[in-house]
Every structure is written in structure tokens, then in C-alpha cells.
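Chain by chain, the residues:
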Amino acid sequence: MWKPPERIRYKSLESEWPNASEATSSLLFSPLKFQSMSLTSRTWVPAMVPWRSTESGYVSEDVLDWYERFASGKPGVIVVEATGIRDIPSGPLLRIGNNSYVDGLANLVRRVRKASQGKTKIFIQLIDFLTIRRRPQRNRYLLEFLEINDHHRKNLSMPLADCDEVRDKLTSLSDDDLSNVLSAKEWENLTYGYRERVSDTELEEIANLPKKLPALFASAAKRAERAGFDGVELHYAHAYTMASFLSSTNMRQDGFGGDVRNRIKLPIQVYEAVRKNTKQNFVVGCRMLSEEIIKGGGSLSDAKFFALEFAKSGMDFLSFSRGGKFDDAKQPRVGSAAYPYTGQSGYECMPGYISDKFGPFGRNLEPVRKIRNHINLEGYHTPCIVAGGIHTFQQAESILQSDQADIIGFARQALADPDWFEKVRAGFGSSVNLCRYSNYCEGLDQKHKQVTCELWDREKMDEPNIKKSKDGKRRLIAPAWAATDR
Ligand SMILES: Cc1cc2nc3c(=O)[nH]c(=O)nc-3n(C[C@H](O)[C@H](O)[C@H](O)COP(=O)(O)O)c2cc1C
Ligand code: SF4
């Protein structure tokens, strides 16, 4: 992953912890109600993909164990990982693209309700993503995948050559010469792997996205409702389809790209379709970016506009992330696909302990404060969730007390210690395992390996009946909070 050039090393923050009565009277552990969303506390576990579903995207026993473990800490909300709305294969990532997924998801909801004793609301993040392929081997690309056309013949000064002659010539060129013969898109396909963009409207399925996506999201949300979820989080952030519509890099010419008003059209239509097809008390919100952090990417003023429009349209919450784009991703190795969290925008999404002068803690706070302030001044009070390097009670409580956000997201901290919430509430904050922001978990995600945390995945390996990773070296969920530590 990209790291800021300053390379300053940070440790987890030293912190005072509240006693049980201070915790109980804190804002963090006080309830929040807005429209149909009613939470027992202002704590939130944002979506995190753990690579544990079956190959066909069904809920597995490992998925159940994973969410049950988070639920035993009783946060206000758990958002289940990005879950694909289409009926297309995507490896061990959860899916909700047809009715056969409902039973497994219903089981997941039941396990979370039981483990949290009904204290945790459970939402599911709905995602759509476009095709991305692995970086091809050079000769294979030139000899098999590339479609030869007259543009190549012209650039090679071989007007009468047949396809095989053109391919042979291309394989003999140096990279510099080859890059001058191929189009920019072909060169990208060769050096990074093929990736669809929302602006590829010459492709029928991309041109038709605005026609298809509202119904696809609405059907997925209906299934989530049938499975018993309290709500859905529409994934409008990072590198995926809906964020790409919102992005200032979206240059579609069909009324869904260019100006901010055009870029937000489809996200609003998707939201309206979801709202129309679910019951009134079903929570619907979105995850969006405060800033894209890429060259020519969307700024805070775009995010202020989008957030206000989402608030006006009636969303129940706005959860903010930042960055996480393909645009600045590192070049993948041959045989691997580009990964959207490897560039600077990825760092901003999941800041690590090697950082710049600002450090890894609360980098999204100021943008979120400004966005929230903007919608509040316009008379809207949609709860805003902030995440990014928040791991102590003091950080979280002071953000709420100083009116900078409404709910605190703890992603990696909840992974490092799913009992953070119960420990802090009960006055045992000093026994929390604090996240080091090492991004070991993120490295596993990048390799499509079952995600675990380095703080506990080799602990108490001799416990009976623990489940281990495929290579048998790591335990899959955090050890229980020992009664002797209470
Ligand atoms: C392993 C892993 C998987 C993630 N998967 C998702 C995801 O499915 N959807 C999403 O919106 N964000 C995802 N994120 C980003 C987190 O939700 C969160 O925004 C980010 O980690 C910053 O918050 P933190 O500092 O509290 O961890 C993931 C993060 C990690 C570490
Ligand atoms: S591996 Fe654990 S300590 Fe490291 S960033 Fe992930 S959750 Fe935090």
C-alpha cells in the first residue's frame, strides 16, 4: 500500500478510559433516533469484507461466526460487508442477487440479534461493481486477446498485413514502441488488465446501467428486508459503480455524467426505487466519499452537494469514507487484478501507522464536519457517520461532544477487539486491544485471503474447537473476552 513520503511512525493513542457510570452517561453510549432508525448507542461497525462466504456468495458457517463475534460486543450497528446485487460469480464475497440467498442471510440476522441480545441493528451494504480482469501476460494479450484493426495497421505502416502478421510485428516491438501503436485503452488493458468504466457507453450493458440498476438495487433491498435486516446501506463509495457515477471523472454524455446534477441522478433514482419497494420503517442510507483524493477527482464541494441532495431525498443516514479508487491503484503483477486501495486514495481510505504530520487518526473528521455543517445549515439533520483511525473513547466522545459527527464508525478497531464496545461501556476500557493500524488485515483482503487481525490470530491456538484459516496457521475469530479479565 502507498505510504506518505514523510514516513512518520505512530503508536495507538494513549488514552484515559471512563468508568462504567461515565460511559453510561456519555453521548457515545446514548441512544439515537432519526426517522426510522433507532439505535441503542452511537457506535457503528462499518462494512468489512472478510472473504468467508461460499464460492457462490452464500452465507457460510464462517460468515455466521464472524458476525456473531462482532455482535457479542453489542455495537449500535453492524453493517454487513459489501454484498453483490447481481447474479454473477464473484468468488467468496456475499451476494444477494436472487431469492436463494435469503435463507442464509436470515440466519445471519438471527445470529446477530441473538448474540447482541437485540441491542445491535443490522444493515447490509449493497454493492454493484463492473468487470475487472487480471493483468495479462504480454504475448497472450497481443496474440490472443487484442482485436486487430486498421488503426494498428496504420501505426505500423502495414496497410495490407493480415491479423497474424500484425500480431507478430506487435510482439517484436519494445514497450515504448508498442505504447505508440496501441490505443491508450489497449495499453491500459495490457499493462493493468481490462477494466470497465461507467463512461464506456459504447458497450450496451454500460449504456444501459441507468435503466437496470434501480430495479437491481430495489430487488436486492427487498430481499434484505425479507431476510430481516433492519436496513440497507447503498454503496456509493470507493471504486464501484455508483461512486463512479458520482465521480467527477464520469464523462457520460447521456445525461448521467458531467455536471454534478447529472452525476447524482442515478444514485437518487436507485435510492427512490429502494425506498418505494421497501416498508416505511426500513432504514435506507448510503456510504459515500467526502473526497475522492485522485487527480481531477471530486472535492468536498461535490460531496456537500451530494450529501444535501441525499438528505433532502429522505435518506436515514450518511456514512462517510474517503478515497479507495482504482484511478491511482498500483500496477498489478501479471496474473493479478488492480486493487483500488494501493494508491494514495487507498491510504486515505484506510490510513496506516506510517503516516505524515497529520497522522492516521481522524483524517476524515474535518471534511465530514464541514459536510454535516452544510446540511445542518440547510435544515437537514440526517445522521452522519465518520470513520478512519478512531479507536479510543476520548476521540469518539470528543467528536460527538464537539458536534462534528453523529455516530462513530470503528472498522479496524472492531476487528482488533470486537469487545471494544462492551469493555468500554462496562468500565474495562484499559483492557481493550487497540488497533495498531498495521493494515495486516487489509493485506489479507488484498490477497483475497480470510481476513483476521495480527493482534489475535495466533493467540490461544490450542483452544478446543477453534476454526482456523485454510492454511491452518491462523484462528478465524478473536478469542472470547476472558471472564478473569473482568
Ligand atoms: C479488511 C477490510 C475490508 C473492508 N471492506 C469494506 C467494505 O466491504 N465496504 C466498505 O465500504 N468499506 C470497507 N472497508 C473500509 C472500512 O469500512 C473503513 O472505512 C476503513 O477501514 C477506515 O475505518 P477504520 O480506520 O475505522 O478502520 C474495509 C476495510 C478493511 C480493513
Ligand atoms: S491487523 Fe489488526 S491491528 Fe492491524 S490494522 Fe488490522 S485490525 Fe488493526
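Residues numbered from 1 in each chain as written. Chains lettered and ligands numbered in written order. Predicted model: local features only at pLDDT ≥ 70, side-chain atom pairs only at ≥ 80, totals over all residues.

On to the overall build of the protein. Along the backbone of the protein there are 20 helices and 12 strands. In summary, the protein has a C-alpha radius of gyration of 23 Å against a globular reference of 23 Å for 486 residues, a match within 12%. Overall, the C-alpha framework of the protein stretches about 85 × 55 × 50 Å when taken along its three principal axes. Split into buried and exposed, the 486 residues of the protein put 45% on the buried side. Contacts in the protein between residues at least 24 apart in sequence constitute 72% of all its contacts with a sequence separation of at least 6. (Helix = DSSP H or I, 4+ residues; strand = E, 2+ residues; numbered from the N terminus. Rg over C-alpha atoms; globule rule 2.2 N^0.38 Å. Buried ≥ 20, exposed ≤ 12 C-beta atoms within 10 Å, placed from the backbone. Contact = placed C-beta atoms within 7 Å.)

Bringing the site of ligand 2 into the picture now. Around ligand 2, a shell composed of 13 residues is seen, among which Cys435, Ser438, Tyr440, Cys441 and Cys453 lie nearest. Broken down by class, the residue content of the shell around ligand 2 amounts to eight nonpolar, two polar and three charged. (Near = placed C-beta within 6 Å. Nonpolar A, V, L, I, M, F, W, Y, C, P; charged D, E, K, R; others polar.)

Turning next to the site of ligand 1. Taken together, 25 residues are adjacent to ligand 1, and Pro46, Ala47, Ala82, Ala411 and Arg412 come closest. Secondary structure elements with two or more residues in the shell around ligand 1: strand 5 (77–84), helix 18 (412–416) and helix 20 (440–446). It is helix 20 that contributes the most residues to the shell around ligand 1, three residues altogether. Residues of the shell around ligand 1, tallied by class, amount to 14 nonpolar, six polar and five charged.

Take the domain arrangement of the protein next. Taken as a whole, the protein is organised into domain 1 (8–129 + 200–485) and domain 2 (138–191). For domain 1 versus domain 2, the separation of C-alpha centres amounts to 42 Å. (Domains from an automatic or database assignment.)

Turning to helix 17 (residues 393–401), its buried residues are Phe393, Ala396, Glu397 and Ile399. The buried residues of helix 17 occupy one face: seen down the axis, they fall within an arc of 155 degrees. Looking at the buried positions of helix 17, the neighbouring elements they touch are helix 16 (365–377), strand 11 (384–386), strand 12 (407–409) and helix 19 (420–425). At the exit of helix 17 stands aspartate 403, carrying a positive phi of roughly 60 degrees. (Arc of directions from axis to C-beta.)

Another point: unusual backbone geometry. The phi torsion at lysine 460 lies on the positive side, around 45 degrees, for a residue other than glycine. Topologically, lysine 460 is positioned in the segment after helix 20. Judged by C-beta crowding, with 12 C-beta atoms within 10 Å, lysine 460 ranks as exposed. The backbone of asparagine 465 shows a phi angle near 60 degrees, a positive value even though the residue is not glycine. Assignment of secondary structure puts asparagine 465 in the segment after helix 20.

Across the eight residues of strand 5, eight count as buried, placing the element largely inside the fold. In this sheet, strand 5 lies alongside strand 4 (residues 43–45) in parallel orientation, the contact comprising two bridges. Bridging from a neighbouring strand, valine 45 pairs with isoleucine 78 of strand 5. Pairing of strand 5 with strand 6 (residues 121–127) involves seven bridges; the strand directions are parallel. Bridging across to strand 6, alanine 82 finds its partner in glutamine 125. One crossover worth recording links strand 5 to the parallel strand 6 by way of helix 3 (residues 102–115), and it is right-handed. (Pairing = 2+ DSSP bridges. Right-handed = clockwise from strand over helix to strand, strands pointing away.)

In helix packing, the relevant descriptors are the interaxial angle and the interaxial distance, both defined with respect to the helix axes. Closest axis-to-axis distance for the helix 4 (residues 138–145)/helix 6 (residues 163–172) pair is 9 Å, and the angle between their directions is 165 degrees. When the interaxial angle is binned, helix 4 and helix 6 end up roughly antiparallel. For the pair helix 4 and helix 6, the crossing hand works out as right-handed. Between helix 4, through Asn139, Leu142 and Leu143, and helix 6, the contact on the second element is made entirely by Arg167, Leu170 and Thr171. A breakdown of the residues in the contact of helix 4 with helix 6 according to their chemical character gives three nonpolar, two polar and one charged. (Axes fitted to C-alpha atoms, helices over the stretch in contact; angles between N-to-C directions. Parallel < 35°, antiparallel > 145°, perpendicular 65-115°, else oblique. Left-handed = near helix turned anticlockwise from the far one by under 90°.)

In this section: the environment of histidine 448. Summarising the element assignment, histidine 448 is placed in the segment after helix 20. Remark: the alpha-carbon pair of histidine 448 and glycine 91, spanning 357 residues in sequence, is separated by 9.2 Å. With sequence-adjacent residues up to four places away left out, histidine 448 is seen in contact with Trp51 and Gly91.

Further remarks concern the sheet that holds strand 11. Adjacent strands of a sheet pair through backbone hydrogen bonds, lying either parallel or antiparallel. Reading around the circumference, 4-5-6-7-8-9-11-12 is the order of the eight strands in this closed barrel, with parallel pairing throughout. Across the sheet, the axes of successive neighbouring strands diverge by a mean angle of 25 degrees, strand direction being ignored. Direction of pairing for strand 11 relative to strand 12: parallel, over a ladder of two bridges. For isoleucine 385, the partnering residue across the bridge sits in strand 12 and is isoleucine 407. Each of strand 8 (283–289) and strand 9 (318–321) is contacted by helix 14 (residues 300–313), which is oriented at about 175 degrees to strand 8, the strand it contacts most.

To continue, consider the pairing of strand 9. Neither face of strand 9 is open: one carries Leu318 and Phe320, the other Ser319 and Ser321, and all of them are buried. Across four bridges, strand 8 lies against strand 9 in parallel orientation. For cysteine 286, the partnering residue across the bridge sits in strand 9 and is leucine 318. Remark: the strand 8/helix 14/strand 9 crossover connection has right-handed handedness. Here strand 9 pairs with strand 11 via three bridges, running parallel. If you follow leucine 318 over to strand 11, its bridge partner there is cysteine 384.

Tracing the sequence through the fold places serine 355 in strand 10 (residues 354–355). You can call serine 355 buried: it has 21 C-beta atoms within 10 Å. Taking the C-alpha atoms as reference points, serine 355 and arginine 7, 348 residues apart in sequence, are found 5.3 Å from one another. With residues up to four places along the chain from it excluded, the contact list for serine 355 reads Pro4, Ile8, Tyr10 and Pro360.

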